[in-house]
Amino acid sequence: MQVTCNSNNTRKPLMTSKFIDIAARQVRLPTRGVWGWMTFNFLKYKNDGLEKNAVRLSAIEPHHKVLEIGFGPGLGIQHALQYVKDGPGKVCGVDLSPYMVEKAATRLRAPIKEGKVELVQGNVMDIPYDNDTFHRVFHCNAFFYWPNMQDALQEINRVMKPGGMMVTVTNHRFIQRSQEKGFLDYGDPDPLKYVCGLEKSGFQDVRIEYFDESSVNYQAIFAHLRVKPDQSGC
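The following refers to the structure shown. (Residues numbered from 1 in each chain as written. Predicted model: local features only at pLDDT ≥ 70, side-chain atom pairs only at ≥ 80, totals over all residues. Heavy atoms only, no water.)

Overview of the environment of Phe134
Looking at the secondary structure, you find Phe134 in strand β4 (residues 134-140). Setting aside chain neighbours within four positions, we find Phe134 in contact with Lys65, Val66, Leu67, Cys92, Tyr129, Val159, Met160 and Lys161. (Helix = DSSP H or I, 4+ residues; strand = E, 2+ residues; numbered from the N terminus. Contact = heavy atoms within 4.5 Å.)

Below, the structure written as structure tokens:
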């Protein structure tokens with residue numbers, strides 16, 4: 001009895017640790033399979049409110065070209081589409097996970113066919129778009145996983161138009177709980193590090209706002225690109 005009991009007590013934390021490690025890896029980069037499917041549905045359920053508010057705060061206009069980084073299930077792309085569907089604007093998305101690109105493309109098949117949405121599998125470190133392309137950029141719970149914060153922000157700066165704005169939204173309470181439990185072992189969700197990185201990368205008027213609403217509590221970080229360094233004469 002004692003041996004069996006001790007064996008079970010030893011096995012349980014090991015199994016829990018393995019589960020947390022697999023979940024942490026999947027949140028960072030979902031892959032095809034049962035775990036990827038679970039991650040897809042979890043993000044679809046958990047992030048919809050964040051995505052909707054990120055889009056709302058981005059002040060998208062019908063003529064804007066918009067980019068979401070790390071679009072996951074495609075909820076933010078779908079929300080942003082409502083703001084440009086009757087104008088010449090377009091919504092684009094870049095995600096590192098081929099599985100998420102596949103799932104989101106299925107959801108957004110019609111607007112992709114119409115040319116209003118474009119989804120690509122790619123890396124924030126090397127965004128496959130030309131300089132000065134986007135009026136608006138947004139992302140939710142994404143910067144945690146960028147391998148080099150400064151290089152990623154400089155690359156986003158490159159593809160944004162002067163006068164553009166980026167909105168970053170996170171659920172700070174949920175992130176804190178997830179970090180304590182080990183689900184963010186492969187990410188760094190430090191908002192102050194991110195804000196400092198924005199300012200070092202040439203973004204201006206950077207500010208953090210906290211929203212406490214009935215449906216979701218979240219933190220929004222606004223960053224403007226009034227003038228690019230190479231256009232300032234400095």
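A closer look at unusual backbone geometry
With the exception of glycine, the majority of residues adopt a negative phi angle, and the majority of peptide bonds are in the trans configuration. Unlike most non-glycine residues, Asp132 shows phi in positive territory, near 55°. As for its placement among the helices and strands, Asp132 is situated in the loop between β3 (117-121) and β4. In this structure, Asp205 takes a positive phi of about 50° despite not being glycine. Given the relative accessible area of 46%, Asp205 is considered partly exposed. (Buried < 20%, exposed > 50% of the residue type's maximum accessible area, 1.4 Å probe, protein only.)

With respect to the sheet that holds β3
As summarised here, the arrangement of the 7 strands in space is β3-β2-β1-β4-β5-β7-β6, forming an open sheet in which the pairing is mixed. If you trace the sheet from one side to the other, it starts and ends with β3 and β6 (204-212), each paired once. Going across the sheet, the axis of each strand differs from the next one's by a mean of 15°, ignoring polarity. Direction of pairing for β4 relative to strand β5 (residues 160-170): parallel, over a ladder of 6 bridges. Looking across to β5, one finds that Val137 is bridged to Met166. Along the sheet face, helix α5 (residues 98-107) touches β2 (90-95) and β3 and points at about 160° away from the line of β3. (Pairing = 2+ DSSP bridges. Axes fitted to C-alpha atoms, helices over the stretch in contact; angles between N-to-C directions.)

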